[in-house]
Amino acid sequence: MKIKILYEDTNILAIDKPSGISVHPDGRTREKTITDWILKNYPRMKNVGENEVYEIKNKKIEIKKPGMVHRLDRDTSGVLLLVKNEKAYQFFKKQFQDREIKKTYIAIVSGHVKNDRGVINKLIGRSPKDFRRYLAGRGARGEMREAITKYKVLKRFEDKKGNKFTYIELHPKTGRTHQLRVHMKYLNHPIVSDALYNPDNPCPKSISRMALHAKSIKFKNLKGETVKVESKIPEEFTALI
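Presented here is an overview of the structure given in this document. (Residues numbered from 1 in each chain as written. Predicted model: local features only at pLDDT ≥ 70, side-chain atom pairs only at ≥ 80, totals over all residues. Heavy atoms only, no water.)

### Focus: the overall build of the protein chain
So, step 1. Helix and strand counts for the protein chain come out as 4 helices and 14 strands.
So, step 2. Scaling as 2.2 N^0.38, a compact globule of 241 residues should have a C-alpha radius of gyration of about 18 Å, and the protein chain matches this with 18 Å.
So, step 3. The long-range share in the protein chain, meaning contacts at least 24 apart out of those at least 6 apart in sequence, stands at 63%.
So, step 4. On the protein chain, roughly 13500 Å² of surface is accessible, and the fraction owed to carbon and sulfur atoms is 45%. (Helix = DSSP H or I, 4+ residues; strand = E, 2+ residues; numbered from the N terminus. Rg over C-alpha atoms; globule rule 2.2 N^0.38 Å. Contact = heavy atoms within 4.5 Å. Areas by Shrake-Rupley, 256 points an atom, 1.4 Å probe, with all protein chains shown as cover.)

Okay, here's the thing in structure tokens:
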């Protein structure tokens, strides 16, 4: 597995995560994950952070998450921030909790988004129909968690068949599971090639993966210095815009 390192110091590691690779194991498959890459290349990070316990088929399985202070979905590409030691883990955990870390994503979504800018402030819960999915607004079940996303339209365009799309910038203020995917679905502009939330709408020919990319992350390091790490926009995105 070849992973590009975007930034590194004695406490922090930021990598360019490819689309199609999970951040950590799910207990169901044996495919290689970012966790495997970390344990091979940074074995000292093995016990940094907190593992998570999942219940799968009535069995509790502990999933290792070495150095992980946030995550990206399997099909999302871009900047993934990791930490090398426990001090850094606690430092960044607090930054995320206090919403001091600024994340910028880009996406291509179905349809033309009407407003040039906006804020989606909708609680997110579980879908009553599919345990894999989350839901914002009417019909959501279980614990409802605050979720806030700012967006800015960068470009509206059409393909040769007249299908409409929007190239959009997204700024999550919270970090809920599937937040950007769920909020764009709530606006009726789901992310292109999202098999879970947008399985039936057309997508541009050049896009064969979910059109969501973590473009940048801005944070303070342990010295109090502001650091911004950026990932290059995928070629399949730039080909369209």
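### Let's talk about the pattern of salt bridges
So, step 1. The full count for this structure, using the stated rule, is 13 salt bridges.
So, step 2. The partner of Asp 73 in a salt bridge is Arg 181, and the shortest N-O contact between them spans 3.0 Å. Linking Asp 73 in the loop between β4 (59-63) and β5 (77-83) with Arg 181 in helix α3 (residues 179-186), this pair joins segments that are 108 residues apart in sequence.
So, step 3. As a salt-bridge pair, Arg 99 and Glu 146 come within 2.8 Å of each other at their nearest N and O atoms. Taken together, the positions of Arg 99 in the loop between α2 (86-97) and β6 (102-110) and Glu 146 in the loop between β10 (141-145) and β11 (148-158) put the pair 47 residues apart, joining distant regions of the chain.
So, step 4. With a relative accessible area of 36%, Arg 99 lands in the partly exposed category.
So, step 5. Among the ionic contacts, a cluster of salt bridges with common partners joins Arg 71, Asp 73, Arg 181 and Asp 194. (Salt bridge = Lys/Arg side-chain N within 4 Å of Asp/Glu carboxyl O. Buried < 20%, exposed > 50% of the residue type's maximum accessible area, 1.4 Å probe, protein only.)

### Describing the sheet that holds strand β9 (residues 134-136)
So, step 1. Taken together, 3 strands build an open sheet; the order of strands is β9-β8-β10 and the sheet is antiparallel. The sheet is open, and its two borders are formed by β9 and β10, each paired with just one other strand. Shown here is a sheet whose adjacent strand axes are inclined to one another by a mean of 30°, direction ignored.
So, step 2. Of the pairings in the sheet, the one linking strand β8 (residues 124-126) to β9 comprises 3 bridges and is antiparallel in character. Counted as the bridge partner of Gly 125 is Leu 135 from β9.
So, step 3. In the packing of α3 onto the sheet, contacts are made with β8 and β9, and the angle to β9 comes to roughly 45°. (Pairing = 2+ DSSP bridges. Axes fitted to C-alpha atoms, helices over the stretch in contact; angles between N-to-C directions.)

### Considerations on the side chain of Ser 22
So, step 1. One can find Ser 22 in the loop between β2 (12-17) and α1 (34-41).
So, step 2. Engagement of the side chain of Ser 22 in a polar contact is seen with the side chain of Glu 31, the distance being 3.2 Å. (Polar contact = N/O pair within 3.5 Å; in protein donor to acceptor, adjacent residues only side chain to side chain.)

### What to know about the pairing of strand β13 (residues 212-220)
So, step 1. Relative to β13, β5 runs parallel, the two being bridged by 2 bridges. Following the sheet pairing, Ser 77 is matched in β13 by His 213.
So, step 2. Where β6 meets β13, 6 bridges bridge the pair, whose relative direction is antiparallel. Within β13, the position partnered with Lys 102 by the bridge is Lys 218.
So, step 3. Looking at chain direction, β13 and strand β14 (residues 226-230) are connected through 5 bridges and run antiparallel. Residue pairing in the sheet places Lys 218 in a bridge with Lys 228 of β14.

### A short note on α3
So, step 1. Judged by how many residues are buried, α3 sits mostly within the fold: 6 of 8 residues are covered.
So, step 2. Considered for burial, the residues of α3 that qualify are Gln 179, Leu 180, Arg 181, Val 182, His 183 and Met 184.
So, step 3. Asn 188 occupies a position one or two residues after α3 and carries a positive phi of about 65°.

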